[in-house]
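Reading the structure
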Amino acid sequence: MALDPERNEGYAGVIVYAWPEMHIIEKSSAILPLKFPYIPGLLSFREIPVLGKAIEELEIEPDLFFVDGQGIAHPRSMGIACHLGLLLEKPTIGCAKSLLYGSYKKPGQKRGDSEPLYSKDKKVIGQVLRTKLSCNPLFISPGHLIDLETSVEWVLRVLDGYRLPKPTREADAFVGELKREGRK
DNA sequence: GCGACAG
DNA sequence: ATCTTGTCGC
């Protein structure tokens, strides 16, 4: 998702890939006024309306979603990946670029190195995963209908040499283009 | 009371 | 999220 502060609008983008070829088979986007502010822990209320609209436009029903944000690695175990998964009734993986909640030990520097992310009551709620040599790790946590181990496996499977998984990285670039066109 | 705080 | 060129490290 991308933002246009001036117009207070959110740009959501979704890209569907064929597995295991990983070529794009469909793209969709949506632009809507934002009706909720950004409050850490309440990201769902701000982004799901826009993300939901972009996903509704799809002709294909994806079998798995990589979501930009946390899954159960959340103060109430309800990150945006959980919310989206419940609404769609589809498996979702939370793939965040930074920490929202939990504690962890710094993982090794090699690609694939990881350390568990713990909640306040010392339960494993995610995995801090190094997706590229010497780059900041990603915070992976299950959203809906998937477990942590499988979530990490899928993220590693769709990495293609960059820090962010291919779906996330290309969807980001996609909304970035839309925003440039939109504000011209 | 103080610090932390997805996008 | 976003503002943004050059720059440091692997």
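Presented here is a report on the structure given in the accompanying data block. No experiment lies behind these values; they were computed from the predicted model shown. Going along each chain's sequence as written, the residues are numbered from 1 onward. Each chain takes a letter, starting from A, and each ligand takes a number, starting from 1, following the order in which they are written. The predicted nature of this model means local features are confined to residues of pLDDT at least 70 and side-chain atom pairs, given and counted, to a pLDDT of 80 or more, with totals for whole chains, interfaces and linings taken over all residues. Side-chain numbers come from the whole structure's heavy atoms, not from hydrogens or water.

Things to note about the packing of aromatic side chains
When two rings of Phe, Tyr or Trp (its six-membered ring) have centres within 6.5 Å they constitute a pair, described as stacked for plane angles under 30 degrees, edge-to-face for angles over 60, and tilted for the intermediate range. Evaluated as defined, the whole model comprises three aromatic pairs. Between the aromatic rings of W19 and W154, the centroid separation amounts to 4.9 Å while the plane-to-plane angle is 70°, which identifies the pairing as edge-to-face. Note that W19 is positioned in the loop between β2 (9–17) and β3 (24–33) and W154 in helix α3 (residues 148–157), a separation of 135 residues in sequence. The classification of residues rests on relative accessible area computed with a 1.4 Å probe and restricted to protein chains. Under 20% of the type maximum is buried, over 50% is exposed, and intermediate values are partly exposed. We classify W19 as partly exposed; its relative accessible area is 44%. Sitting over the face of the ring of F174, K27 holds its NZ or CZ atom 4.4 Å from the ring centroid. Throughout this description, the term charge over a ring refers to an Arg CZ or Lys NZ atom that lies within 6 Å of the ring centre and within 35 degrees of the ring normal. Looking at R157, its charged tip hangs above the ring of W154, at a distance of 4.3 Å from the centre. Note on conventions: DSSP H or I runs of at least 4 residues are helices, E runs of at least 2 residues are strands, and numbering of each starts at the N terminus.

As for the protein's contact with DNA strand B
For this description, a residue counts as near a given molecule or strand if any of its non-hydrogen atoms is within 4 Å of it. The environment of DNA strand B is formed by 17 residues, the closest being Y38, G41, K97, S98 and L99. The protein-proximal atoms of DNA strand B, defined as those within 4 Å of the protein, are 46% sugar or phosphate. Within the backbone of I80, one N or O atom sits 3.1 Å away from a base nitrogen of DNA strand B. A per-class count over the surface near DNA strand B returns eight nonpolar, six polar and three charged. Polar contact is defined as a pair of N or O atoms within 3.5 Å, subject to the rule that within protein one atom must be able to donate a hydrogen and the other to accept it, and that residues adjacent in sequence are counted only when both atoms are side-chain atoms. Each residue receives one of three labels: charged for Asp, Glu, Lys and Arg, nonpolar for Ala, Val, Leu, Ile, Met, Phe, Trp, Tyr, Cys and Pro, and polar for the others, Gly being one of them.

Section: the protein's contact with DNA strand C
Taken together, seven residues are adjacent to DNA strand C, and A2, L3, K97, L133 and K179 come closest. Considering the 4 Å shell around the protein, atoms of DNA strand C inside it are sugar or phosphate in 100% of instances. Here a phosphate oxygen of DNA strand C and a side-chain polar atom of K97 are 2.9 Å apart. Taking K179, its side chain carries an N or O atom lying 3.3 Å from a phosphate oxygen of DNA strand C.

Quick word on the pairing of strand β7 (residues 124–129)
With five of its six residues buried, β7 lies for the most part within the structure. In the sheet, strand β6 (residues 114–118) pairs with β7 via five bridges, with the strands oriented antiparallel. Bridge pairing links L117 to G126 in β7. Note on pairing: DSSP must find at least two bridges between two strands before they are called paired.

Focus: the side chain of R130
Take R130: it is sitting in the loop between β7 and β8 (138–144). Charge assignment: positive for Lys and Arg, negative for Asp and Glu; neither His nor the chain ends contribute. Salt bridges are identified by distance alone: a Lys or Arg side-chain nitrogen within 4 Å of an Asp or Glu carboxyl oxygen. Buried within the structure, R130 lacks any salt-bridge partner; D113 is the closest side chain of opposite charge, at an N-O distance of 6.1 Å. A polar atom in the side chain of R130 sits 2.8 Å from the backbone oxygen of P107. Reaching out from R130, the side chain makes a polar contact with the backbone oxygen of C135 at a distance of 2.8 Å. Setting aside anything within four residues of it in sequence, one finds R130 in contact with K106, P107, G108, Q109, K110, R111, G112, D113, C135, N136 and P137. Should any heavy atoms of two residues lie within 4.5 Å, those residues are considered in contact.

Details of the pattern of salt bridges
Within the structure shown, the criterion is met by six salt bridges. Residue K97 is joined to D68 by a salt bridge in which the shortest nitrogen-to-oxygen separation is 2.9 Å. Of this pair, K97 sits in the loop between β5 (92–96) and β6 while D68 sits in the loop between β4 (65–67) and α2 (80–88); the two residues are 29 residues apart in sequence, bridging distant segments of the chain. Exposure remark for K97: the relative accessible area of 37% places this residue in the partly exposed category. A salt bridge links D113 to K110, with the nearest nitrogen and oxygen atoms 3.7 Å apart.

Structural notes on the packing of helix α1 (residues 43–56) against α2
All axes are obtained by fitting lines to C-alpha atoms, using only the stretch in contact for helices, and the reported angles, taken between N-to-C directions, cover 0 to 180 degrees. At their nearest, the axes of α1 and α2 sit 10 Å apart, and the two run at 40° to each other. Taken together, α1 and α2 sit at an angle that is classed as oblique. In this structure, the crossing between α1 and α2 has a hand that is right-handed. For the pair α1 and α2, the contacting residues are L43, S44, F45, E47, I48, L51 and I55 in the first and I80, H83, L84, L87 and L88 in the second. For classification, angles of less than 35 degrees are called roughly parallel, those exceeding 145 degrees roughly antiparallel, those between 65 and 115 degrees roughly perpendicular, and all remaining angles oblique. Crossings are classed by handedness, with left-handed meaning an anticlockwise turn of the near helix from the far one by less than a right angle and right-handed meaning a clockwise turn.

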